[in-house]
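Chain by chain, the residues run as shown.
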Amino acid sequence: LEKTLAEEGCVAADDVARPTARAHCSLVAHPSDGRTLVLFGGSAMRRGRIQTYRDLYKYRTDKGTWSRRIAAPMPLPRCSHQCVALRYGGRDLMY
């Protein structure tokens with residue numbers, strides 16, 4: 001697992017039941033794995049205030065499982081954004 005995380009540029013990963021409910025996030029197909037979706041950011045109304053997220057999740061469509069990825073450095077929280085995932089120079093990138 002550590003080698004895979006290092007290859008992804010992650011410092012940690014957790015298996016989770018699912019991400020918290022949110023809107024205005026990006027959900028894109030993983031650029032080099034046809035079985036994985038990547039979810040980033042979004043927002044939700046919590047106790048009358050808007051909460052904006054900067055977390056990153058991977059969903060395995062073949063297994064129905066979610067995992068949270070922690071990268072260094074993480075982008076700032078954002079919502080209502082656009083995202084493109086691509087494979088460039090042997091690395092998976094999200095812009």
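In the block above lies the structure referred to throughout.
The present account deals with the structure reproduced in this document. In this text the structure is predicted, and so the values were computed from the model without any measurement.

Moving on: the pattern of salt bridges. What the rule picks out here adds up to five salt bridges. Asp33 is the partner of Arg35 in a salt bridge, and the nearest nitrogen-oxygen pair spans 3.4 Å. For Arg35, a relative accessible area of 41% corresponds to the partly exposed category. Shared partners join several salt bridges into a network, and the residues in it are Asp33, Arg35, Arg60 and Asp62.

Right, let's get into the packing of aromatic side chains. Going through the model one piece at a time under the given rule, you end up with two aromatic pairs. Aromatic pair Tyr57 and Trp66: ring centres 6.3 Å apart, planes at 90 degrees, arrangement edge-to-face. Overall, the relative accessible area of 7% leaves Tyr57 in the buried class. Residue Trp66 is classed as buried on the basis of its relative accessible area of 17%. Ring geometry for Tyr59 against Trp66: centres 4.7 Å apart, planes inclined by 45 degrees, an arrangement best described as tilted. On the basis of relative accessibility, which here comes to 23%, the residue Tyr59 falls in the partly exposed class. A connected cluster of aromatic rings, assembled from ring pairs, spans Tyr57, Tyr59 and Trp66.

Rules used in this analysis
Residues numbered from 1 in each chain as written. Predicted model: local features only at pLDDT ≥ 70, side-chain atom pairs only at ≥ 80, totals over all residues. Heavy atoms only, no water. Salt bridge = Lys/Arg side-chain N within 4 Å of Asp/Glu carboxyl O. Buried < 20%, exposed > 50% of the residue type's maximum accessible area, 1.4 Å probe, protein only. Phe/Tyr/Trp six-rings, centres within 6.5 Å; stacked < 30°, edge-to-face > 60°.

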